[in-house]
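What follows is each chain in one-letter form.
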Amino acid sequence: MHNDIVNTIHESSLLFSNYEAGSGIKKALEMGRDDILFELKASKLKGRGGAGFPTSTKWMLVAAATGADKFIICNADEGEPGTFKDRVLLMNAPFLILDGMVVGGYTVGAAHGYIYLRGEYVYMRQFLEDCLNEMREKNLLGNNICGKEGFNFDISIVMGAGAYVCGEETALIESLEGQRGEPRNRPPYPVNTGLCGAPTTVNNVETLAAVPHIILMGGEKYAERGTSASSGSKLFSISGDCEKPGVYELNWGITINELLAKVGAYNTKAVQVGGASGICIPKSKFDRKLAYEDVATGGSIMIFNESRKMLHVLKNFMEFFVEESCGQCTPCRIGNQKLLEGVEMIEKNQYTFAHINNLKELGETMKVASKCGLGQSSPNPFLSILEDFKEEIFHAKSDGVYK
Amino acid sequence: MLVLEKNNLTEEIELFASQYDFHRTALMPLLEYIQEKYHHIPDFAQQEVARVLDIHPVEVYGVISFYSFLNDQPKGRNIVRLCRTIICDMAGKCQIEQAIERELGLKFGETSKDQKITLEFTNCLGMCDQGPAMIVNDRVYTKLDPEKACAILKEIK
Ligand SMILES: Cc1cc2nc3c(=O)[nH]c(=O)nc-3n(C[C@H](O)[C@H](O)[C@H](O)COP(=O)(O)O)c2cc1C
Ligand code: SF4
Ligand code: FES
């Protein structure tokens, strides 16, 4: 479809294994809705978009909500720096995701699904439209799907237009409604008041891709992978200073050290887990586990070796947030600017510790006072990098290695 | 815009919106359609979109100003977006930026006088395992080096 893009999958245990398109839908339609929810619950699948909310609970809430219309939305806005696993899934395993949406539509009682595809991925659009048409021809979409009387479901693709915050589920819904992509107050949650006021489930691409496998193999079998609190496998997008960047499907619970060995990373100084809004893990903590109960992540892993300057990394992240803040609430709009200014002061050696400490407090305030996840998590790299790399940033001599 | 062009545009907008029963959910796809065809969303189009969807023109403008891929001022026929996020930065984004600026005699953030090309930075394109990366219009280019990047931009019309 696109000859400049190489989708490198280094390890795959489940998601990219053989899957016959449509088989998940057929099996699901033989089951009752309650049985599907039961299997999902047994699988302990949690959202792969970052927040980690149990998928069975989300679907159950929408299934139980009353309303003439209900919607299922596939969140393909993948904008977190360092994440590209959804791109690889969409390009290499589209039917897994689409089948997951159909199963979701059946389970929650939705008649329509949307794929919100980030504007940068517009090159995939025709390919995905072709996939949808293929499904329509096979009656995997449309009316009375696979002969199931009364189950009508179709999917359309809507493009984003270059706004990171639209990955936040309520901003995404605003965008679909033709509004500025400004996050809403929550509650009410989309499961009650979502797209055009109707009960709506928003799910990450990877979450939906796991569903057909869970239906086919059973929830308990799926939950055998990973740890007790983080079941199943997870796609990690590995980038930065390593020999083998790309997508890895690994079981939850792997330590950062083990991961670094796999991807051929040497002289590693720091690993940023969870993208720009995640946290930076220094070498001394590389024995921590990637799992919801330890270091949670939507899958972005960025590796920095000894030659990188952490202040430069931090500045890049803060510039990102200043640009991408929707500007709706003050802690995030002004706070990120102040944190960036602080980084620039350190860069120019024009800071006082009193001021830096004030900024750290500001960061803590932003975490609680911001309206959405963007402003709540944007101080993370500021706080973690200034704390864990303070020697490099504040103590090194100007003619030292960390110039 | 000529009267004839205006009439055409109005017709296009009406036809497009009718597929959505003139519901507001038509707004984003409609704006993207106009943007793609005219490379920006002119005042006249904004007013027509507002009229057809029965909303205030300011609402239309508010939406355009929010999204970085939508713009009300003309940009180049070709838009180059180079990823500035950390992984591409580490992979050599600065060298590419400088090479392109030298080759085209144009700075990032600017549009060439002949309206042929606009240079912009963008955030992570989801190509971090094969950076440095850029998008030219809808097409992604990966594993850039200064020479390759300049050759790509020489090709575009
Ligand atoms: C600023 C921001 C950006 C987000 N971007 C994405 C995204 O690109 N893709 C995604 O799936 N979830 C993203 N999320 C999380 C979504 O709000 C939501 O939790 C997720 O789509 C739910 O799906 P899941 O339960 O399957 O993970 C983002 C959240 C925030 C606060
Ligand atoms: S936290 Fe930031 S992105 Fe979220 S609503 Fe407030 S200003 Fe907008
Ligand atoms: S950092 Fe450039 S594509 Fe992700």
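Residues numbered from 1 in each chain as written. Chains lettered and ligands numbered in written order. Predicted model: local features only at pLDDT ≥ 70, side-chain atom pairs only at ≥ 80, totals over all residues. Heavy atoms only, no water.

A. Representation of the site of ligand 2. Residue and element names in this part refer to chain A. Around ligand 2, the surrounding shell holds 13 residues, and the nearest of these are Cys326, Gln328, Cys329, Cys332 and Cys372. Using a 2 Å cut-off from the grid points, one finds that ligand 2 occupies the largest cavity. Grouping the constituent residues of the shell around ligand 2 by class yields 7 nonpolar, 5 polar and 1 charged. (Near = heavy atom within 4 Å. 1 Å grid on protein atoms, 1.4 Å probe; cavity = no way out; pocket = protein on both sides within 12 Å on 5 of 7 lines; lining within 4 Å. Sits in = over half its atoms within 2 Å of the grid points. Nonpolar A, V, L, I, M, F, W, Y, C, P; charged D, E, K, R; others polar.)

B. Seen up close, the interface of chain A and chain B. Across the boundary between the two partners, chain A contributes 54 residues, which contact 37 residues of chain B. For the pairing of chain A and chain B, the buried interface totals around 3,400 Å² over both sides, and the portion due to carbon and sulfur atoms is 55%. When the area that chain A buries against chain B is broken down by residue, the three leading residues are A:Asp4, A:Ala161 and A:Arg180, summing to 17%. Counting the contacts that link chain A with chain B gives 2 salt bridges. Note that A:Glu319 and B:Arg84 form a salt bridge whose closest N and O atoms lie 2.5 Å from each other. The interface formed by chain A and chain B includes 21 residue pairs in polar contact (both at pLDDT 80 or more). The leading source of residues in the side of chain A that touches chain B is helix H11 (residues 310–324) of chain A, at 8 residues. Grouping the constituent residues of the side of chain A that touches chain B by class yields 24 nonpolar, 17 polar and 13 charged. (Contact = heavy atoms within 4.5 Å. Buried area = accessible area lost by both parts, 1.4 Å probe. Salt bridge = Lys/Arg side-chain N within 4 Å of Asp/Glu carboxyl O. Polar contact = N/O pair within 3.5 Å; in protein donor to acceptor, adjacent residues only side chain to side chain. Helix = DSSP H or I, 4+ residues; strand = E, 2+ residues; numbered from the N terminus.)

C. Spatial organisation of the confidence of the model for chain A. When pLDDT is averaged across chain A, the result is 95; 98% of the residues are at 70 or more. Confidence drops under pLDDT 50 across residues 399–403 of chain A; counting only partners more than four residues distant or on other chains, this segment forms 5 contacts. (pLDDT = per-residue confidence, 0-100.)

D. Region of the structure containing the site of ligand 1. Residue and element names in this part refer to chain A. As a matter of local geometry, ligand 1 sits amid 19 residues, with Gly49, Lys58, Asn75, Asn204 and Thr207 nearest to it. A distance of 2.9 Å is found between an oxygen atom of ligand 1 and a side-chain nitrogen or oxygen belonging to asparagine 75. Between glutamate 169 and ligand 1, the recorded distance is 3.0 Å, taken from a backbone N or O atom to an oxygen atom. A total of 610 Å² of accessible area belongs to ligand 1 in isolation, and the protein chains cover 89% of it. Of all the secondary-structure elements, those providing two or more residues to the shell around ligand 1 are strand E5 (200–204) and helix H14 (373–377). Top contributing element to the shell around ligand 1 by residue count: E5, with 3 residues. In the shell around ligand 1, the residues fall into 4 nonpolar, 9 polar and 6 charged. (Areas by Shrake-Rupley, 256 points an atom, 1.4 Å probe, with all protein chains shown as cover.)

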